[in-house]
Amino acid sequence: MRIVLFITCYNDTLFPRTGQSVVRVLERLGHTVEFPIEQTCCGQMHFNTGYRREAYPLAKRSVEIFSNAEAVCIPSSSCVAMMREYYPALARENEDAEMATAVAQLLPRIFEFSELLVDRLEVTDVGAYFPHRVTYHASCHGLRSLHLGDKPLQLLRAVRGLELVPLEGLEQCCGFGGTFAVKNADVSAAMLTEKTRAVLNTRAEVCTACDNSCLMHMQGMLHRQFAGVRTLHIAEILAGTEDTPA
Amino acid sequence: MSAAGRSSRERVLERIRKANFGAARLQEPIPRAYEGAGSDRGHAQSAEVVALFEERLHDYDARVFHVHQDEIAAKAAEILKAADRRRIAVPAGLSATWRADGVEWIADHELSADALNAVDGVMTAATLGIAVSGSIVLQHGPTEGRRVLTLLPDYHLCVVGAAQVVETLPEAFARIDPTRPVTFFSGPSATADIEMTRIKGVHGPRFLDVLLVDVLLAQD
Amino acid sequence: MSLVQIEPGGHSSRILDPKTAPPFPDAAKTDLRDTQLRRNVVRATDTIQGKRAALVAEKSDWQALRDAGAAIRREALANLDRYLLEFEQRFQAAGGTVHWAASAAEANRIVLQILQREAASEIIKIKSMTTAEIGLNEYLAQHGVAAHETDLAELILQLGGDQPSHIVVPALHKNRQQVREIFARTMGLPDLSDDPEALTAAARQYLREKFLRVKTAICGANFLIAETGGITIVESEGNGRMCLTLPETLIAIVGIEKVIPRFADLEVLLQTLPRSATGERMNPYNSIWSGVVPGDGPKKMHVVLLDNGRSRVLRDAIGRQTLQCIRCGACQNACPVYRQTGGHAYGSVYAGPIGAILTPQLEDMRHAQSLPYASSLCGACYEVCPVKINIPEVLVHLRSRVVDRGRRKLASFFDQERAGMMAMAAVFANHRRYGAAQRLARIGQRTIHHGEAWYHWLPGMAGRWTETRDLAPLPQQTFREWWHQRGRS
């Protein structure tokens, strides 16, 4: 089928390899990926920081850009949560009936990446090979807003060569929280320290998740500490094969 | 009430009305899909419910003794003498047939706080038992006594009929008289305020014994 | 300027006043360095959370109870005037007196007037967040009335000159040695051990003397019942029952939002409150009564209904759900931010997630503006709230209220964050502008940075990141550039 990719602003700029991996996986599964060039940002950063007025036009244009898609793939659970939880409210608050209708029609067709694979495409084995010891962190939006449950784990368990180890406290927030990481840098670092300790205790080489925001945060401290652990978005693990290692 | 007080009342009410203007005045029924909702009084008791009640009482370190209705006095006296609790306060309306010899029964005719502080314990009937939480409910009628009676003494011997035990809180609320005072007891008083170490018996009785009467209890 | 006193042992005791408290990041910075506090907070919150989780798991109707509880609280708020009037009528018919206080100051005055009429120079108190909110103890002390706290935790705090740091376990930041030191000094017990049993026994004895002597008591209430004019007190220690049966006069100070419509509504809330607050199926004692009970308990019963900003919270369509709160503290136990800082950093008697939304709203957003930002929006609080307050939704909404207040000020034009946000909004509005901004950022990076090495230091706000975390450099090619290069369009 034709899958439209909403890469999200921060993946576009900071984690292009995640987007490339999504494309690789979906094409490997025989689907066509489209990328509407007009896309920019879902508006979450502005919305969450209190610039609700500025988030509205960003949300509106995002809805318009993807309105014709049969399925939209969004490799970021926080952005999916933004759309599901707050796009209807934004339309209502701005008395935008047209947007409200468009949102209602779009929402059933947007999917976070692991949701797309497991729920929409009904596949858990995407033919991946990743011979490393891996632990999985449950991003807060994926866990509590999207109720991803163990979909990401189902995908990881099907990866050849991958040794999956459980992360203690996997449901506890890593401390990123968008601008929180900077506005409350000390508390954010304290939260991250606890998360880092849990990751190191797994003796995993790689820590993965469905959100690069968390992974960027976690990698920041792991890198600072020369811990010998790297983070990798789940799409990049799933894109890996024997011929094209992740 | 002073004039200033009256105007505060009006001011607060007006603020509330203004704030709620346009807010949906909820006439929708409350969704009550929880267990036991809509209970009526006529729910049959089961042995499992009574057994659960006893189990939960044991969790609180309460002792439970099973008796027939005509054994209450003898059993009570036996327990009290064994614990060397000889001076026992009772509500004035507690049945005389429950008070055996060998114990000094002090009927509560407006006993002073100091007098209540000095007795060895108190014995009362009860209104309800709630199995899930191991709770005993008193409504402070003539056989249960005023509230301070089951507060100051360090020991409480409570007579609960098996037919008075319900399983869930909604079933209990179907039976509680909302026009009378109510006290729920669920284990001895406790605190976890010091390093989260649970200490039992801060104020209120530290020791609870329950006489579980296995016949329908006639109202005295 | 908030007063900070350093106690022996290096622990500070602050006045928790949102009007003067330092912003959350500043207060947190200090408390994060208190290793004792952090250890205590983690232990306390882990303990209650574990017990709560076990009890929730055994209750297959837990979500149904949450739905009912949320609906009951919403209904009460939507019809608040009616239910308060019904309560007032029933309570007074039962021999009680109802007073209405529009503000904290007025509530304090009303209480003092009652005490002066009773010629009471001392009172005993049950723990009440509401009385802490209005600063009752301090006000009474200024007017010659001594208020003796009788909850063990509040006793510890009062004798130690400290402030609560948790709704349900207010003294969780204290360890046994600290408690022993406080009791030994103030109760004159130099040989007291630090065993919690011994400490509790000392408190029991110290307080019993007061219970038997003091004729006037002050309390809060967990719920007011409109249908019956009832007051509900939920407690563990028994000091509540002491205060509401032994004295001759009892004064309850209760927020107007505490009213519930029907007596039977308690069958829901008394299932969810104890499990959420202390991880028990039921707390030791619940007392429900109305007005004066003849021959049983106080002969004079007063309720002071307190507004103090609550009616204003009600006006906010999104914020009003804050008033559904039943003060269980589960949100604090679940919060990963509170876990690191404890309660004092929030600068208010209401701390943690509920404090972050309640305190600034009670202050009409004039104070405590840093609190809505004291959250990573993880949603753990919403997940555990027994009355389904969508705390993240309110947090985000309050942030927009803070920003909107700032828009009207001249200073906002010089604000770094606002400038950045406005610039980003313009960039995101147009994909060509966005692509250009991406390229510009890369060009800018080349002037200060070479190669693949990560940033260990950045200037300005970004520097707060690099204090503790590295940052990868911008990749050489964005996704859309890669896509374009691939030849798709």
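Above this text is the structure in question.
Please read these numbers as outputs of a predicted model, since none were measured by experiment.

Peer 1: Can you break down helix 6 (residues 97-106) of chain A residue by residue, with the values?
Peer 2: All names here are of chain A. For helix 6, the set of buried residues is Met-99, Val-103 and Leu-106. Buried residues in helix 6, looked at end-on, bunch into an arc of 70°, giving them a common side. Of the exposed residues in helix 6, those oriented more than 90 degrees away from the buried face are Ala-97, Glu-98, Ala-104 and Gln-105.

Peer 1: Give me the lowdown on the interface of chain B and chain C, citing residues and values where you can.
Peer 2: Counting residues at the interface gives 71 residues for chain B and 89 residues for chain C. For the pair chain B and chain C, the two sides together bury roughly 6800 Å², of which 59% comes from carbon and sulfur. Per-residue buried area on chain B facing chain C is highest for Arg-147, Glu-195 and His-203 of chain B; these three make up 12% of the total on that side. The interface formed by chain B and chain C contains six salt bridges. The salt bridge involving Arg-32 of chain B is made with Asp-265 of chain C; its shortest N-O contact spans 2.8 Å. Here the side of chain B that touches chain C gets 11 residues from one element, more than from any other, and that element is helix 1 (residues 3-20) of chain B. Residues belonging to the side of chain B that touches chain C are distributed by class as follows: 36 nonpolar, 17 polar and 18 charged.

Peer 1: Give me the lowdown on the sheet that holds strand 4 (residues 121-125) of chain B, citing residues and values where you can.
Peer 2: All names here are of chain B. Spatially, 1-12-7-4-2-3 is the arrangement adopted by the six strands of the open sheet, whose pairing is parallel. Across the chains shown, the open sheet's two edge strands, defined by having one partner strand only, are strand 1 (63-67) and strand 3 (104-107). Across the sheet, the mean angle from the axis of one strand to that of its neighbour is 25°, orientation sign disregarded. One ladder, built from two bridges, connects strand 2 (residues 87-90) with strand 4; its direction is parallel. Across the sheet, the residue bridging to Ile-88 is Gly-121, located in strand 4.

Peer 1: Describe the nonpolar core, listing the residues and the values that go with them.
Peer 2: Counting 255 residues, the largest nonpolar core has Leu-26, Phe-113 and Leu-117 of chain A together with Phe-183 and Ile-231 of chain C as the members making the most contacts within it. Here this core takes nine residues from helix 5 (residues 77-93) of chain A, the largest share from any one element. Ignoring any residue separated from it by four or fewer positions in sequence, one finds Phe-113 of chain A in contact with Val-22, Val-25, Leu-26, Cys-73, Ile-74, Pro-75, Ile-234, Ala-235 and Leu-238 of chain A.

Reading guide: rules and limits
Note on numbering: residues in each chain are counted from 1, in written sequence order. Whichever chain is written first becomes A and whichever ligand is written first becomes 1, with later ones labelled in order. Predicted model: local features are reported for residues with pLDDT of at least 70 only, side-chain atom pairs are reported and counted for 80 or more only, and whole-chain, interface and lining totals are derived from all residues. Side-chain numbers here rest on the full set of heavy atoms in the structure, without hydrogens or water. Exposure classes here rest on a 1.4 Å probe applied to the protein chains alone. A residue is buried below 20% of its type maximum, exposed above 50%, and partly exposed in between. A run of DSSP states H or I qualifies as a helix once it reaches four residues; a run of E qualifies as a strand once it reaches two. Both are numbered from the N-terminal end. This arc is built from the directions going out from the helix axis to the C-beta atoms. Residue contacts follow a heavy-atom distance rule, with two residues in contact if any of their heavy atoms lie within 4.5 Å. Joining two parts hides part of their accessible area as seen by a 1.4 Å probe, and the buried area is that hidden amount summed over both. Salt bridges are identified by distance alone: a Lys or Arg side-chain nitrogen within 4 Å of an Asp or Glu carboxyl oxygen. Polar here means any residue outside two lists: the nonpolar Ala, Val, Leu, Ile, Met, Phe, Trp, Tyr, Cys and Pro, and the charged Asp, Glu, Lys and Arg; Gly therefore counts as polar. Between any two strands, pairing holds if DSSP finds at least two bridges. Axis lines are fitted through C-alpha atoms, for helices just across the contact stretch, and the angle between N-to-C directions can take any value from 0 to 180 degrees. The term nonpolar core refers to a set of buried residues drawn from Ala, Val, Leu, Ile, Met, Phe, Trp, Tyr and Cys, joined through side-chain atoms within 4.5 Å.

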